[in-house]
Amino acid sequence: MKIALIGPFPPYRGGISMFNFSLAKELKKHHDIYKISFSLQYPKYFFPGKSQKSSFQDNDIIEIINSINPFSWRKTANYINKISPDVIIFQYWMPFFAPAFTLIAKKTKRACNSKIIVNCNNIVPHEPKKIDSILTRNFFKHCDSFIVMSDTVEKDLLKINSQLIYKKTPHPIYDLFGKSLSKDEARKVLKIGDEKLILNFGLVRNYKGLDILIKSAKILKKQLNKFKIMVVGECYENQSKYIQMAKDNNVEDVIDFNFEFIPNENVKYFFCASDLVVLPYKSATQSGIIPIAYHFNKPVVASNVGGLPENIENNKTGIICEPNPESIANGILDYFDSDLFSYKENIEKYKKQYTWETFAKKIMELV
């Protein structure tokens, strides 16, 4: 079967790019895969980070879609029509891309009648606008079926149209960040001591609740001995406000800020060095950080928002909390007071359910 995957691929950074890379790797075992990516993903004025690309490079990619150039959308559709794939899979996460995807879907549907599947990472963006639902509806009406990975996204999909055909399956476990190494080895590389290490990893944006974690550190200082919170990820906001917040709460001595993008080959050091991953989100659909944590057998303390609790077995693979400093602090304290080894055993069992092979089978069921 010929399958065209549409969306960002490495060297573009971010979770959607990593998802596409991993999905293509799995589907390639049994199908002919065509990877269709962006020549321009975000205009510079629209992108808050330092760079859209990393050193990690995928192979056999066609970088053709310019998000703001309709001529490139037609060119993309013509390219796909020449391939005449049996299936086209779009990665969808932001209505900004809906106009491009709509034209591509409309023209390919008319010319080669491919089955069009949309993998819905997000349907409603974290900072929604009134026009978003119109753009999304217009794109979805040209598509045949959908995949969602959480109850939250499922509900958003059904609000668009309750008659849509879809499958729900959890976000698979990432396996592209390398094998685990011992905690001592990882800490030696990062020059970290033997303190309890709490990791907050990923892009820093308001909805991810770093302010909640900083305020929880003030509570932890009174009850938890010898710990450090490591904040790792590029900041899409004014990072000085978080540094000042740590000073105002007198916790700058227990928080290390590393506001830098971490290349794939270095991700393992941060997860393997840590004892616990904490996601104090204020809102969410699902998170790609949880699958990374599970890949390295690390438990997760996360807020009870969106699809996050669906991926955590409470008190087994992690701890579910409310999105406030007191609850997050109590979740961290509960973890360090528990049988730590049992979490690792539970995660080993849990993650076997969420493979890329299982995800690919769901796609084939839709086809």
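We now turn to the structure provided with this report. Counting starts from 1 at the beginning of each chain's written sequence and moves along it residue by residue. Selection of residues for local features in this predicted model requires a pLDDT of at least 70, selection of side-chain atom pairs for listing and counting requires 80 or more, and totals for whole chains, interfaces and linings are taken over all residues. By convention in this description, side-chain values take in all heavy atoms of the structure and omit both hydrogens and water.

1. A closer look at the overall build of the protein
The condition that has to hold: By the criteria applied, helices consist of DSSP H or I runs no shorter than four residues and strands consist of E runs no shorter than two, each listed in order from the N terminus. Atoms considered for the radius of gyration are the C-alpha atoms alone. The globule rule reads 2.2 Å times the number of residues to the power 0.38. Whether a residue is buried, partly exposed or exposed follows from its accessible area with a 1.4 Å probe, protein chains only, as a fraction of its type maximum: under 20%, in between, or over 50%, in that order. Should any heavy atoms of two residues lie within 4.5 Å, those residues are considered in contact.
On a plain count of helices and strands, the protein comes out with 13 helices and 13 strands. For 367 residues, the compact-globule formula gives about 21 Å, and the C-alpha radius of gyration of the protein, at 21 Å, lands near that figure. Considering only C-alpha atoms, the protein reaches an extent of 65 × 40 × 40 Å along its principal axes. When the 367 residues of the protein are sorted by exposure, 56% land in the buried category. In the protein, of all internal contacts separated by at least 6 residues, the share reaching a separation of at least 24 is 75%.

2. A word on the sheet that holds strand β3 (residues 61-66)
Paired through backbone hydrogen bonds, the strands of a sheet run either parallel or antiparallel to each other. Counted only if it meets this: Between any two strands, pairing holds if DSSP finds at least two bridges. Only the stretch in contact is used when a helix axis is fitted, and all axes are lines through C-alpha atoms; the angle between N-to-C directions ranges over 0 to 180 degrees.
In spatial order, the strands read β3-β2-β1-β4-β5-β6-β7; together these seven strands make up an open sheet with parallel pairing. At either margin of the open sheet sits one strand with a lone partner, and together these are β3 and β7 (166-168). Averaged over all adjacent pairs, the angle separating strand axes in this sheet is 25 degrees, with direction ignored. Across four bridges, the pairing between strand β5 (residues 115-120) and strand β6 (residues 145-148) is parallel.

3. Observations concerning the side chain of N122
Mapped onto the fold, N122 is located in the loop between β5 and α4 (132-140). Sequence-distant contacts of N122, defined by excluding residues within four places in its chain, comprise Y92, W93, T285 and Q286.

4. Observations concerning the nonpolar core
Test applied: The nonpolar core is taken to be a set of buried Ala, Val, Leu, Ile, Met, Phe, Trp, Tyr and Cys residues, with the residues joined through side-chain atoms within 4.5 Å.
Judged by nonpolar contacts, the single largest core of 57 residues is most densely connected at L5, F201, F271 and V300. The dominant element in this core, judged by the number of residues it contributes, is helix α1 (residues 15-27), at six residues. V300 has contacts with L276, V277, L279, I290, A293, Y294, I312, T317, G318 and I319, leaving out every residue within four places of it along the chain. In terms of nonpolar packing, the next biggest core, distinct from the first, is built from 35 residues, F90, L103, F139 and C143 among them.

5. Description of unusual backbone geometry
In this structure, the amide linkage connecting P10 to the following residue, P11, adopts the cis form with an omega of 20 degrees. Positionally, P11 belongs in the loop between β1 (2-6) and α1. For D60, which is not glycine, the phi dihedral falls at a positive 60 degrees. Positive phi is not limited to glycine here, since N113 has a value of about 55 degrees. You can call N113 exposed: its relative accessible area is 57%.

6. Examining the packing of aromatic side chains
The way to describe two aromatic rings as a pair is by their centre distance and the angle between their planes. Test applied: Stacked, tilted and edge-to-face are the three classes assigned to paired rings of Phe, Tyr and Trp, where Trp is represented by its six-membered ring and a pair needs centres within 6.5 Å; plane angles under 30 degrees give stacked, over 60 edge-to-face, the rest tilted. Throughout this description, the term charge over a ring refers to an Arg CZ or Lys NZ atom that lies within 6 Å of the ring centre and within 35 degrees of the ring normal.
Inspection of every chain in the model, using the stated rule, returns 28 aromatic pairs. Ring geometry for F201 versus F270: centroids 6.5 Å apart, planes at 50 degrees, classification tilted. Of this pair, F201 sits in strand β8 (residues 196-201) while F270 is found in helix α9 (residues 264-273), placing the two residues 69 residues apart along the sequence. Of the two residues, F201 and F270, neither departs from the other in class, the shared state being buried. Taking the ring centre of F261 as reference, the NZ or CZ of R13 above it sits at 3.8 Å.

7. So, the packing of helix α7 (residues 210-223) against helix α8 (residues 239-248)
Short version of the rule: Note on terminology: angles under 35 degrees are roughly parallel, angles over 145 are roughly antiparallel, angles of 65 to 115 are roughly perpendicular, and the others are oblique. The crossing is said to be left-handed when, going from far helix to near helix, the turn is anticlockwise and less than a right angle, and right-handed when the turn is clockwise. Under the grouping applied here, Gly and all other residues not named as nonpolar or charged are polar, the nonpolar ones being Ala, Val, Leu, Ile, Met, Phe, Trp, Tyr, Cys and Pro and the charged ones Asp, Glu, Lys and Arg.
The geometry of α7 relative to α8 is characterised by a closest axis approach of 9 Å and an angle of 20 degrees between their N-to-C directions. Taken together, the axis directions place α7 and α8 in an arrangement best described as roughly parallel. For the pair α7 and α8, the crossing hand works out as right-handed. For the pair formed by α7 and α8, the contact residues are L210, D211, I214 and K215 on the first element and Y242, M245 and A246 on the second. Among the residues making up the contact of α7 with α8, the classes are represented as five nonpolar, no polar and two charged.

8. Thoughts on the packing of α1 against helix α13 (residues 356-366)
Where α1 meets α13, the closest approach of the two axes is 9 Å, and the angle between their N-to-C directions is 80 degrees. By the criterion of interaxial angle, the relationship of α1 to α13 is roughly perpendicular. Contact with α1, carried on its side by F19, S22, L23, E26 and L27, involves W356, E357, F359, A360, I363 and M364 of α13 and no other residues of that element. Each residue belonging to the contact of α1 with α13 can be placed in one class, and the counts come to eight nonpolar, one polar and two charged.

9. Re the pattern of salt bridges
Inclusion rule: A carboxyl oxygen of Asp or Glu within 4 Å of a side-chain nitrogen of Lys or Arg is what we treat as a salt bridge.
Enumeration over the complete set of coordinates arrives at 17 salt bridges. For K168, the salt bridge identified is with D151, shortest N-O distance 2.2 Å. Taken together, the positions of K168 in strand β7 and D151 in helix α5 (residues 151-160) put the pair 17 residues apart, joining distant regions of the chain. A relative accessible area of 36% places K168 in the partly exposed class. Judged by relative accessible area, D151 falls into the partly exposed class, the value being 29%. In this structure, K241 and E237 form a salt bridge, with 3.3 Å as the shortest nitrogen-oxygen distance. One salt-bridge network, held together by shared partners, links D151, E154 and K168.

10. Remarks on the sheet that holds strand β12 (residues 300-303)
Read across the open sheet, the six strands follow the order β10-β9-β8-β11-β12-β13; overall the sheet is parallel. The sheet is open, and its two borders are formed by β10 (255-258) and β13 (318-321), each paired with just one other strand. Across the sheet, the axes of successive neighbouring strands diverge by a mean angle of 20 degrees, strand direction being ignored. Two elements, strand β11 (residues 276-279) and β12, share three bridges in a ladder whose sense is parallel. Along β12, the bridge assignment pairs L279 with A302.

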